[in-house]
Amino acid sequence: MAYKNYPMVSRVVFGRGSFNELTEILAPKRLSINAPFIFLVDDVFERNAWLTSRIPLAYNDNIIYISADEEPKTSQVDELVEHIILNNKERPSGIIGIGGGTLLDLAKAVSIMLTNDGETKNYQGWDLVKNKAVYHVGIPTISGTGAEVSRTTVLTGPEKKLGINSDYTPFDQVILDPELTKKVPKDQWFYTGMDCYIHCIESLNGTYLNAFSQSYGEKALELCKEIFLENSLSTEEKQDKLMMASWHGGMSIAYSQVGVAHAMSYGLSFLLGTKHGIGNCIVFDQLEEFYPEGVKLFKKMKSLHDIQLPQGICANLADDEIDIMIDVSLALKPLWENALGKNWSKIATREKLKSLYLKM
Ligand code: NAD
Ligand code: ZN
C-alpha cells in the first residue's frame, strides 16, 4: 500500500492524579485468576510508597522492578518472557510498563514476545510480528521520547539497534499523569525533553514532511519553546505541557521520520552505550550545518538551563570503532533520506560522519 494505515493507542487518560484510576481501568481486562497483571516498573520507584501503593495487586499479579541504567536489550526481553512463562500457569492478562522510554519499550516488547515464538532479535525490523500482543498499558514517568504513542519499541540486539515496528506494538491503553514526573532530576528532564524537541526539528525539516506530521510537530515545538525558553509557566504547567509535547512529537514522527541526530546517536548508543536522550543532545550540538535554526535554539536552551554536555567522548576511539558507529548510523537509510533527500549518500559520506563523531 502506498499510504501507511497507522494504528494508534486505543485508549488514553490524561490528568494529574489519573494514575489513581489504574484499578478501575485494569479490572475488566482480567482474563482469569491465573492470568496475572505483570507490572514492569523502573527501579527508581522501588520503596517509593507514593507510587507503588497505588499499583493494584490481586491473585498472582506481580511487580518486576527493572533498572533503566541501560537501554533495553533483546536478550533482556527474552529473559523476562521466560521468567513470566515459567512463573505463571496462564498467559498474563496484561503487561503494564511504568517508567521512561526504557520501561515503556520493555513492556511493549514483552507483551509482543509472549504471543510470538522464537527470539526477540528475529522481530527487529518492520512488520515481522505475526500475532497480536498481550494487552499492554504504558504509564510514562518522564516526558519526551514519545514511546508512549509510537509504533515501535527500540531494542539493542547482538547485531543491531533497531525497533520492533509493527501494528501490534502500540499500547492498548496509556495513562498520562504528569504528576508522576515530579521527581525527575533536572539534567535528565532536559535530555529526555530535548529528545522531543529534536523529534520536532527533524520531522519539520525533513523531506518526508506532510500536513499530518507538520500539524503535530508544530504544536510540540511550540510547547517545547514555552517550556524550555520562557519563564512564564508554573512547575505543574511545565509537567503537563511536556507530557503533551512528547505525545505530539511522537505523533509527528509516526507519519514522517527522524533525521541526522537520531541516525548518529544510534551509533554512539551501539558502541558506547550512550543513552538516547543525552546521546541525541551530544550529536545535535554539532549539527549546525544540517539544522542551523534548530541548533541555535538548542544551544540557547542548554545555556539557560545550565546544562554541561560531556565532551570528547569519541576522541580516543580507534578507527575500527568509529567505523562501527558509521556502519550502524548509515544503515538507517530512511532517517538519512528524510533528512537529506534521495541523494543523501553524497552528503552523508563516511568521511563526513567521521569528522562529526570526532567533534563529539
Ligand atoms: P529512561 O527510561 O532511560 O530513564 C532515564 C532516567 O530517568 C533513568 O535513570 C530513570 O530511572 C529516571 N526516571 C524516570 N522517571 C523518573 C521519575 N519520575 N523520577 C526520577 N527518575 C526518573 O529515559 P527516557 O529518555 O524516557 O527513555 C530512553 C529510552 O527510550 C531509550 O531506550 C530509547 O531507545 C527509547 N526511545 C523509544 C522510543 C519509541 O518510540 N519507542 C522513542 C524514543 C526513545
Ligand atoms: Zn528520539
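Residues numbered from 1 in each chain as written. Chains lettered and ligands numbered in written order. Predicted model: local features only at pLDDT ≥ 70, side-chain atom pairs only at ≥ 80, totals over all residues. Heavy atoms only, no water.

Asks: Break down the overall build of the protein chain for me, with residues and values.
Replies: Along its length, the protein chain carries 14 helices and 9 strands. Taken over the C-alpha trace, the protein chain has a radius of gyration of 20 Å; the compact-globule value for 360 residues is 21 Å, and the two agree within 12%. Taking the principal axes of the C-alpha coordinates as reference, the protein chain spans close to 60 × 50 × 45 Å. For the protein chain, buried positions account for 57% of its 360 residues. For the protein chain, contacts bridging at least 24 residues in sequence account for 77% of all contacts bridging at least 6. Element-wise, carbon and sulfur atoms account for 50% of the exposed surface of the protein chain, whose accessible area totals about 15,700 Å². With 36 positive and 45 negative side-chain charges, the protein chain shows a separation of 3 Å between the mean positions of the two kinds. (Helix = DSSP H or I, 4+ residues; strand = E, 2+ residues; numbered from the N terminus. Rg over C-alpha atoms; globule rule 2.2 N^0.38 Å. Buried < 20%, exposed > 50% of the residue type's maximum accessible area, 1.4 Å probe, protein only. Contact = heavy atoms within 4.5 Å. Areas by Shrake-Rupley, 256 points an atom, 1.4 Å probe, with all protein chains shown as cover. Lys, Arg positive; Asp, Glu negative; His and termini not counted. Charge placed at Lys NZ, Arg CZ, Asp CG, Glu CD.)

Asks: Before we move on, could you go through the packing of aromatic side chains and cite the residues and values that matter?
Replies: Considering all chains together, one arrives at 9 aromatic pairs under this definition. Ring centres of Phe212 and Tyr255 lie 4.9 Å apart, and the angle between their planes is 45°; on these two criteria the pair is classed as tilted. With a gap of 43 residues between them, Phe212 in helix H6 (residues 211-229) and Tyr255 in the loop between helix H7 (235-254) and helix H8 (260-272) connect regions that are remote in the sequence. By relative accessible area, which is 33% here, Phe212 ends up partly exposed. Residue class for Tyr255 comes out partly exposed when judged on its relative accessible area of 23%. Joined through ring pairs, the aromatic side chains of Trp189, Phe190, Tyr197, Phe228, Phe284, Tyr291 and Phe298 make up one cluster. (Phe/Tyr/Trp six-rings, centres within 6.5 Å; stacked < 30°, edge-to-face > 60°.)

Asks: Can you lay out unusual backbone geometry for me, pointing to particular residues and giving the numbers?
Replies: Backbone geometry places Arg47, a non-glycine residue, at a positive phi of 65°. Topologically, Arg47 is positioned in the loop between strand S2 (37-42) and helix H2 (49-52). On the basis of relative accessibility, which here comes to 76%, the residue Arg47 falls in the exposed class. Positioned with a positive phi, Asp306 is a non-glycine residue whose angle comes to about 55°. With respect to the secondary-structure elements, Asp306 resides in the loop between helix H10 (292-304) and helix H11 (319-330).

Asks: Requested: an account of helix H3 (residues 74-86), with residues and values cited.
Replies: The terminal C-alpha atoms of H3, which comprises 13 residues, lie 18 Å apart, in line with the 18 Å expected from a rise of 1.5 Å per residue. The set of residues buried in H3 consists of Thr74, Val77, Leu80, Val81 and Ile84. Down the axis of H3, the sector holding all buried residues measures 120°, keeping them to one side. Projecting away from the buried face of H3 at angles above 90 degrees are the exposed residues Glu79, Glu82 and Leu86. Packed against the buried residues of H3 are S2, strand S3 (62-66), strand S4 (94-99), helix H4 (101-113) and strand S7 (154-156). (Expected span 1.5 Å × (residues − 1). Arc of directions from axis to C-beta.)

Asks: Which residues make up the coordination of the zinc ion (ligand 2), and what values go with them?
Replies: On the protein side, the zinc ion (ligand 2) has Asp195 (OD), His199 (NE2), His262 (NE2) and His276 (NE2) as donor atoms, found 2.1 to 2.2 Å from it. In this structure, the zinc ion (ligand 2) is coordinated by 4 donor atoms arranged in irregular fashion, with angles at the metal of 89 to 169°. Going along the chain, you hit the donors of the zinc ion (ligand 2) in the pattern D-x3-H-x62-H-x13-H. Residue His262 is located in helix H8, and its partner His276 is located in helix H9 (residues 276-284); the two are separated by 14 residues in the primary sequence. The exposure classification of His262 matches that of His276, with both residues buried. (Donors = N, O, S within 2.8 Å, 3.2 Å for Na, K, Ca; no water. Tetrahedral: all angles 85-135°; square planar, octahedral: opposite > 155°, others 65-115°.)

Asks: Got a sec to walk through the layout of surface pockets? Specific residues and values, please.
Replies: Estimates place the volume of the second largest pocket at around 270 Å³. Considering the residues around the second largest pocket, the lining is formed by Ile142, Ser143, Thr181, Lys182, Val184, Lys186, Trp189, Thr235, Lys238, Gln239, Leu242 and His305. Contributing elements (two or more residues each) for the lining of the second largest pocket: helix H5 (186-204) and H7. For the lining of the second largest pocket, the leading source of residues is H7, giving 4 residues. Across the lining of the second largest pocket, the residue classes tally to 4 nonpolar, 5 polar and 3 charged. (1 Å grid on protein atoms, 1.4 Å probe; cavity = no way out; pocket = protein on both sides within 12 Å on 5 of 7 lines; lining within 4 Å. Points joined across faces, edges and corners; volume = space filled by probe spheres on them. Nonpolar A, V, L, I, M, F, W, Y, C, P; charged D, E, K, R; others polar.)

Asks: How would you explain the sheet that holds S3 if you had to name every residue and give the values?
Replies: On the basis of which strands lie adjacent, the open sheet formed by 6 strands has the order S1-S9-S6-S4-S2-S3 and parallel pairing. Strands with a single pairing partner mark the edges of an open sheet, and in this sheet they are strand S1 (11-14) and S3. Adjacent strand axes in the sheet meet at a mean angle of 15°, parallel and antiparallel pairs treated alike. Summarising the sheet, S4 and strand S6 (residues 136-140) pair through 5 bridges and their orientation is parallel. Counted as the bridge partner of Gly97 is Gly138 from S6. Here H4 sits on the sheet in contact with S2, S3, S4 and S6, set at roughly 170° to S4. This element, H7, spans S1, S6 and strand S9 (173-176) of the sheet and lies at about 150° to S9. (Pairing = 2+ DSSP bridges. Axes fitted to C-alpha atoms, helices over the stretch in contact; angles between N-to-C directions.)

Asks: Explain the site of ligand 1 to me, and be specific about the residues and the numbers.
Replies: Contacts to ligand 1 come from 27 residues, most closely from Thr102, Asp105, Ser150, Thr192 and Lys275. A distance of 2.8 Å separates a nitrogen atom of ligand 1 from a polar side-chain atom of Thr141. Ser150 places a polar side-chain atom, nitrogen or oxygen, 2.6 Å from an oxygen atom of ligand 1. For ligand 1, whose free accessible area comes to 870 Å², the fraction covered by protein is 92%. Of all elements in the fold, only H4 and H5 reach the threshold of two or more residues within the shell around ligand 1. (Near = heavy atom within 4 Å. Polar contact = N/O pair within 3.5 Å; in protein donor to acceptor, adjacent residues only side chain to side chain.)

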